[in-house]
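Geometric and topological summary
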Amino acid sequence: ESHVEALGGRALYSARLDSLFLAPSATTGRDQADITGLIGQYAHGNEPSHHVAYLPAMTGRPWRTQELVRRIESREVDLIIGTQIVAKGYHFPYLTLVGVVDADLGLEGGDLRAAERTFQLLVQVAGRAGRAERPGRVIIQTLQPEDPAILAAAAGDVDRFFEEELARRAALGYPPFRRLARLLFSHEHRQYAGDEAQRLAGELRTLAAGRPGVEVL
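Residues numbered from 1 in each chain as written. Predicted model: local features only at pLDDT ≥ 70, side-chain atom pairs only at ≥ 80, totals over all residues. Heavy atoms only, no water.

A few points about the overall build of the protein
Assigned secondary structure in the protein consists of seven helices and five strands. Each helix and strand of the protein, ordered N terminal to C terminal, gives the series β-α-α-β-α-β-β-α-β-α-α-α. Put simply, the protein has 217 residues, and 36% of those count as buried. Counting only carbon and sulfur atoms, one obtains 52% of the accessible surface of the protein, whose full area is about 13,100 Å². (Helix = DSSP H or I, 4+ residues; strand = E, 2+ residues; numbered from the N terminus. Buried < 20%, exposed > 50% of the residue type's maximum accessible area, 1.4 Å probe, protein only. Areas by Shrake-Rupley, 256 points an atom, 1.4 Å probe, with all protein chains shown as cover.)

Describing the pairing of strand β3 (residues 79-82)
Here β3 shows two buried faces, one formed by L79 and I81 and the other by I80 and G82. As defined by bridge partners, strand β2 (residues 52-55) adjoins β3 across four bridges and the pair is classed as parallel. Following the sheet pairing, Y54 is matched in β3 by I81. (Pairing = 2+ DSSP bridges.)

A short note on the pairing of strand β4 (residues 97-100)
Because side chains alternate across β4, one face comprises the buried residues L97 and G99, and the other comprises V98 and V100, equally buried. The sheet contact formed by β4 and strand β5 (residues 136-142) spans four bridges and is parallel. Directly across from V98, in β5, lies its bridge partner V138.

Examining the packing of helix α4 (residues 114-126) against helix α5 (residues 148-155)
Helix-helix packing: each pair is described by the crossing angle between the helix axes and the interaxial distance. Contact pair α4 / α5: the axes reach a minimum separation of 9 Å and the direction vectors enclose 25°. Classed by the angle they form, the pair α4 and α5 counts as roughly parallel. Here α4 and α5 pass one another in a crossing that is right-handed. Between α4, through A115, T118, F119, L122 and V123, and α5, the contact on the second element is made entirely by A149, I150, A152 and A153. Class assignment for the residues of the contact of α4 with α5 results in eight nonpolar, one polar and no charged. (Axes fitted to C-alpha atoms, helices over the stretch in contact; angles between N-to-C directions. Parallel < 35°, antiparallel > 145°, perpendicular 65-115°, else oblique. Left-handed = near helix turned anticlockwise from the far one by under 90°. Contact = heavy atoms within 4.5 Å. Nonpolar A, V, L, I, M, F, W, Y, C, P; charged D, E, K, R; others polar.)

In structure tokens form, the structure reads like this:
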């Protein structure tokens, strides 16, 4: 069982990291290596005697990840710093404190599933703490502590999140209440991709004119 709390602002960077055992970033659009590197520098500066392990998001050498997991399970590591992969099913019985840095970054970008993914990630990572006899504690650092996904994750309230998210999607006309098609444009030249997207959007608006229930966003 874990106690979860959400903290607004950036207090976690300066006041909390000295005691964190696990600090995964919920980053989607920011350079994750920069964030984990800053956390590592702070940890080394404040507790130089602590053994720190970095759990990478992806690696082409599975044996390296396996060795890290073995060291953690053997209690050779005091602090684990990683990205979203740390939420994915690891069982560390001695892990009692989890910190999430910039938990709201996953809410950026305009993806209609952003809140759902953020909530899922936070609930998953919260489940890493207190998995054995000792109780756990989870600290969520965010600039949006009042966001419904953050509040529901901090409360561990799946039903609350489901009801609020469903109401939000109904009000905006998002799936499952309407069908939504997304067209992605990719090109080595950003300007060209943007121009082509605008051109096609104009053509689709012309085709959709007068057709009930069809809207080009």
